[in-house]
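Residue-level listing of the chains:
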Amino acid sequence: AAKKEGRGRASAFDASMLELLEQRELLRRSLRMALVQQEFFVEYQPIAEGGSIVGFEALLRWHHPLLGNIPPVTFIPMAEADGMMPDIGAWVLEQACREAMKWPENYIVAVNVSAAEFLTSGLTDRISQTLDLVGLPPDRLELEITESVLLERTVNNIDTLNTLNVLGIRISLDDFGTEYSSLSYLKTFPFDTIKIDKYFITDLETDPKSQTIVRCVVDLAHGLDMQVTAEGVETPAQAEWLRHVGCDRLQGYLVSRPLPVEAIGEFISRAETSVRHALS
Ligand code: C2E
Ligand code: MG
Ligand code: MG
Ligand code: MG
């Protein structure tokens, strides 16, 4: 059918391009209103260590009034490009810290920090102000940054990470192995945790290369006195393999999908019951 249309095909293509652009433009415009319109919310994904829960990662969600839920991979880059991430990130941080105050005292909350946010001046001051305001001890906050944040290895970057470190805030390197991986980051920056990207976890059972990489990253992290989290763990076999090579923490659908805030209380009490069971 497409063949006989000839000229029509080109304009159909143009039309769909236009539609796509219009949709992006619509998204971008609504995104600017989303914070004041209270369309953002946060879900929390449990992080497991040795059969118990050590905390949750805060994951930002956007419910568009007409289009429904828009995935973070779509709207976060837009928000970054339009300079909105510092404001949105500050909102997520406060939400997450307030939520964490309701959890057991040893639970951490992990918050993702984008490059645009990380590079704004006064970040460390704003973070410690938020912690003071909410009353959350700094060692219960873990900031997740990706390697792209560190692309510019400026004095400022190093200062910011060192200041956060001195404040007692934990720092993890997210999506390890997928971006501009350079081992020099591991030498320069004081990370507490390395998160191995799910790219290496998904085919762990079948791909000897992923197995070798994961085993080496675990050893590397431990040699540098850092912890390791595996992301995207979906099967018991992956979890077993990760335990076997000494990976400290697991995160993924096997433990739990990201949970709406209303479901956390029940999740925590169930988790504690099952741990008590295991210990008795
Ligand atoms: P991330 O920080 O690496 O988060 C992990 C992503 O993997 C989340 O996707 C999570 O829902 C998903 N995931 C977790 N377990 C599994 C699993 O077992 N299988 C599969 N297939 N996926 C799993 P999500 O929520 O769509 O977030 C995508 C990315 O968006 C995040 O990757 C993070 O880079 C960014 N992001 C999310 N929230 C925030 C935020 O508040 N601030 C910033 N700056 N970035 C955020
Ligand atoms: Mg993360
Ligand atoms: Mg990640
Ligand atoms: Mg990721």
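Residues numbered from 1 in each chain as written. Chains lettered and ligands numbered in written order. Predicted model: local features only at pLDDT ≥ 70, side-chain atom pairs only at ≥ 80, totals over all residues. Heavy atoms only, no water.

Named according to an unreviewed UniProt entry, the protein is GGDEF-domain containing protein originating from Rhizobium chutanense.

Could you give an account of the layout of surface pockets, with specific residues and numbers?
Gaps left between atoms are located by rolling a probe of water-molecule size over the structure's atoms. When its volume is computed, the largest pocket comes out at roughly 1100 Å³. Elements represented by at least two residues in the lining of the largest pocket include exactly β2 (52-64), α3 (72-81), α4 (85-100), β4 (108-112), α5 (115-118), β5 (141-146) and β6 (170-176). For the lining of the largest pocket, the class distribution of residues is 15 nonpolar, nine polar and twelve charged. (1 Å grid on protein atoms, 1.4 Å probe; cavity = no way out; pocket = protein on both sides within 12 Å on 5 of 7 lines; lining within 4 Å. Points joined across faces, edges and corners; volume = space filled by probe spheres on them. Helix = DSSP H or I, 4+ residues; strand = E, 2+ residues; numbered from the N terminus. Nonpolar A, V, L, I, M, F, W, Y, C, P; charged D, E, K, R; others polar.)

Before we move on, can you summarise the site of ligand 1 with the specific residues and values?
Lining the immediate surroundings of ligand 1 are 24 residues, of which R61, N112, D174, E234 and Y253 lie closest. Between E57 and ligand 1, the recorded distance is 3.0 Å, taken from a side-chain N or O atom to an oxygen atom. Within the side chain of K198, an N or O atom sits 3.1 Å from an oxygen atom of ligand 1. In the complex, the protein chains occlude 82% of the 810 Å² of accessible area that ligand 1 would expose alone. A majority-of-atoms criterion places ligand 1 in the largest pocket. Residue classes in the shell around ligand 1 are distributed as ten nonpolar, five polar and nine charged. (Near = heavy atom within 4 Å. Polar contact = N/O pair within 3.5 Å; in protein donor to acceptor, adjacent residues only side chain to side chain. Areas by Shrake-Rupley, 256 points an atom, 1.4 Å probe, with all protein chains shown as cover. Sits in = over half its atoms within 2 Å of the grid points.)

Go over α3, please, and point to the residues and values.
Buried within α3 we find F75, M78 and A79. Projected onto a plane normal to the axis of α3, the buried residues spread over an arc of 100 degrees and lie on a single side. Of the exposed residues in α3, the ones pointing more than 90 degrees away from its buried face are V73 and A81. Two residues or fewer past α3, G83 is found with a positive phi of approximately 75 degrees. (Buried < 20%, exposed > 50% of the residue type's maximum accessible area, 1.4 Å probe, protein only. Arc of directions from axis to C-beta.)

Can you break down the coordination of the magnesium ion (ligand 3) residue by residue, with the values?
Taken together, the protein donors to the magnesium ion (ligand 3) comprise D174 (OD), D175 (OD), E231 (OE) and E231 (OE), at separations of 2.0 to 2.4 Å. Summarised as a motif, the one-chain spacing of the donors to the magnesium ion (ligand 3) is D-D-x55-E. The metal-metal distance between the magnesium ion (ligand 3) and the magnesium ion (ligand 2) comes to 4.0 Å, with D174 coordinating both. Here D175 is found in strand β6, whereas its partner E231 is found in the loop between β8 (227-230) and α11 (236-244), with 56 residues between them in sequence. Look at E231 and you get buried, because its relative accessible area is 12%. (Donors = N, O, S within 2.8 Å, 3.2 Å for Na, K, Ca; no water.)

Break down α11 for me, with residues and values.
Note: α-helices contain 3.6 residues per turn, so residues at a spacing of three or four share the same orientation. Within α11 the residues assigned to the buried category are Q238, A239, W241 and L242. Seen from one end, α11 has its buried residues packed into an arc of 165 degrees, which puts them on one side. Opposite the packed face of α11, turned more than 90 degrees from it, sit the exposed residues P236, R243 and H244. Of the residues trailing α11, G246 is marked for its positive phi of about 85 degrees.

If you had to explain the packing of aromatic side chains to someone new, which residues and values would you point to?
Taken as a whole and judged by the stated rule, the model has eleven aromatic pairs. Residues F40 and F75 carry aromatic rings whose centres are separated by 5.9 Å and whose planes lie at 35 degrees to one another, so their mutual orientation is tilted. Placement of F40 in strand β1 (residues 40-49) and of F75 in helix α3 is noted, with a sequence separation of 35 residues between them. Side by side, F40 and F75 carry an identical accessibility label, which is buried. These aromatic residues form a ring-pair network of at least three members: Y44, F56, W103, Y107 and F267. Here R257 stacks its cationic end above the ring of Y253, 3.8 Å away from the centre of that ring. (Phe/Tyr/Trp six-rings, centres within 6.5 Å; stacked < 30°, edge-to-face > 60°. Lys NZ or Arg CZ within 6 Å of the ring centre and 35° of its normal.)

Give a detailed account of the pairing of β5, specifying residues and quantitative values.
With six of its six residues buried, β5 lies for the most part within the structure. Every second residue of β5 is oriented toward a common face, with L141, L143 and I145 on one face and E142, E144 and T146 on the other, all of them buried. The sheet contact formed by β4 and β5 spans four bridges and is parallel. Residue pairing for β5: N112 is matched across the bridge by E144. In this sheet, β6 lies alongside β5 in parallel orientation, the contact comprising five bridges. Its bridge partner lying in β6, E142 is registered against R170. (Pairing = 2+ DSSP bridges.)

Which residues make up the packing of α4 against helix α6 (residues 123-134), and what values do they have?
At a minimum axis separation of 10 Å, α4 and α6 run at an interaxial angle of 35 degrees. As α4 runs across α6, the sense of the crossing is right-handed. Contacts between α4 and α6 pair L93, E94, C97 and R98 from the former with I127, T130, L131, L133 and V134 from the latter. Of the residues in the contact of α4 with α6, the class split is six nonpolar, one polar and two charged. (Axes fitted to C-alpha atoms, helices over the stretch in contact; angles between N-to-C directions. Left-handed = near helix turned anticlockwise from the far one by under 90°. Contact = heavy atoms within 4.5 Å.)

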